[in-house]
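Observations on the model geometry
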Amino acid sequence: MQFKDFAIAEETGWSEDSRADAYIDLFAPVSDQLIPHLTSAVKVAPGKVVLDLCCGHGNAAAALSDAGATVIGLDFSAAMLARARQRVPSASFVEGDASHLPFEDDHFDAVVCNVGFGHLPDPDAVLSEIARVLRRGGMAAMTSWREPEVSPTFQIVFSAVKAHGDPSLAPPAPDFHLFSRRSLAKEALKAAGFSSPEFTDIDAEFHFADPGDFVDVFEHATVRAAMLIGAQTPAARAAIRDAMMAKVASDYNAGNGQWRVPFPATMATAVI
Ligand SMILES: C[S@@+](CC[C@H](N)C(=O)[O-])C[C@H]1O[C@@H](n2cnc3c(N)ncnc32)[C@H](O)[C@@H]1O
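Keep in mind it's a predicted model, so treat the numbers as computed, not measured.

With that out of the way, let us pick up the overall build of the protein chain. Within the protein chain one finds 11 helices and 10 strands. Against the compact-globule benchmark of 19 Å for 272 residues, the protein chain has a radius of gyration of 18 Å, which places it among compact chains. The dimensions of the protein chain, computed from C-alpha atoms along their principal axes, are 50 × 40 × 35 Å. Taking all 272 residues of the protein chain together, 47% fall into the buried category. Nonlocal contacts in the protein chain, meaning residues at least 24 apart in sequence, comprise 75% of its contacts between residues at least 6 apart.

Right, let's talk about helix α5 (residues 78-87) for a bit. Three or more residues of α5 are buried, namely Met80, Leu81, Arg83 and Ala84. Buried residues of α5 fall within an arc of 165° about the axis and therefore sit on the same side. Residues of α5 that are exposed and angled more than 90 degrees away from the buried face: Ala78 and Gln86. In this structure, the buried side of α5 is in contact with α1 (4-14), α2 (17-31), α4 (59-66), β2 (70-75) and β3 (92-95).

Within the element layout of this structure, Leu51 appears in strand β1 (residues 49-53). Leu51 sits in the buried class, given 27 other C-beta atoms within 10 Å. If near-sequence neighbours (up to four positions away) are discounted, Leu51 is found in contact with Ile72, Leu74, Phe108, Val111 and Val133.

Next up on the list: the sheet that holds strand β9 (residues 258-262). In space, the three strands of this open sheet follow the order β7-β9-β8, with antiparallel pairing throughout. Pairing within the sheet leaves two strands with one partner each, and these edge strands are β7 (205-208) and β8 (253-255). Pairs of neighbouring strands in the sheet enclose a mean axial angle of 30°, with direction left out of account. Pairing between β8 and β9: two bridges, direction antiparallel. From the neighbouring strand, Asn253 faces β9, where its bridge partner is Trp259.

Here Lys43, not a glycine, exhibits a phi torsion of approximately 50°, which is positive. Mapping Lys43 onto the fold places it in the loop between α3 (35-41) and β1. For Lys43, a count of 12 C-beta atoms within 10 Å translates into the label exposed. A positive phi angle, close to 50°, is found at Ser196, a residue other than glycine. Here Ser196 shows up in strand β6 (residues 195-202). Taking the C-beta count within 10 Å as the criterion, Ser196 has 10 such neighbours and is therefore assigned exposed.

Thresholds applied
- Residues numbered from 1 in each chain as written.
- Predicted model: local features only at pLDDT ≥ 70, side-chain atom pairs only at ≥ 80, totals over all residues.
- Helix = DSSP H or I, 4+ residues; strand = E, 2+ residues; numbered from the N terminus.
- Rg over C-alpha atoms; globule rule 2.2 N^0.38 Å.
- Buried ≥ 20, exposed ≤ 12 C-beta atoms within 10 Å, placed from the backbone.
- Contact = placed C-beta atoms within 7 Å.
- Arc of directions from axis to C-beta.
- Pairing = 2+ DSSP bridges.
- Axes fitted to C-alpha atoms, helices over the stretch in contact; angles between N-to-C directions.

What follows is the structure, given as structure tokens:
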């Protein structure tokens, strides 16, 4: 399998209870900000059957279910699913891999995937699976964080790693920003059989009470960025941490004891 080391590290990382809890506390407040865009794009309504792919702790599933949809969430992390089942008893949750969906053809009216694709070793296979399980005319809506060129959050992380460590130490992996690179996304969606691709840029941001919380997000509540930071030497890690904290402290002070760091995203939608 291509990107095997990446795939193993992703599965191991997301299976940790401590990572699931850190994700919910530190990262989900920003991924939550994208969910209203997904629910409105798929025109969620009572009676619709919707798949929340890479559902994590069920934040999108909760919104879809509150809007009356029949929701199934799928994730490969038992740790995440335990939290999702507790949070959204009205939805069903299935443990499985996004590239081999355990559902019949033409089963769902819509599929959403909130910031899940950056974690997949074979995004093309997953797009084909989404196309297979959607009913004809069904819509897929997926988000990706925007690329470092326009994302203050990723600029802080990657500049610190470049300045103090070795950016090449993370295992090779597919592009993290698939849906924000529109020409790539259009090609991938077309190859999977989708039509009418549309893109919406979304402003989201982290809010912190302490600049050090930014560092905690990337060390403890992510998998892919944590792999890159964790692969550095202890001295490099300490310097990266200090550089990220200093940048947030100096450039993103919003006053009133708050730091706000923009974390823009893009939503892609397409129809099968
Ligand atoms: C960044 S979290 C997103 C969680 C949630 N959708 C949200 O909006 O916050 C990525 C999720 O994708 C799941 N995941 C990653 N690779 C997967 C795969 N191959 N199959 C199923 N789930 C996967 C992880 O377990 C994790 O819960």
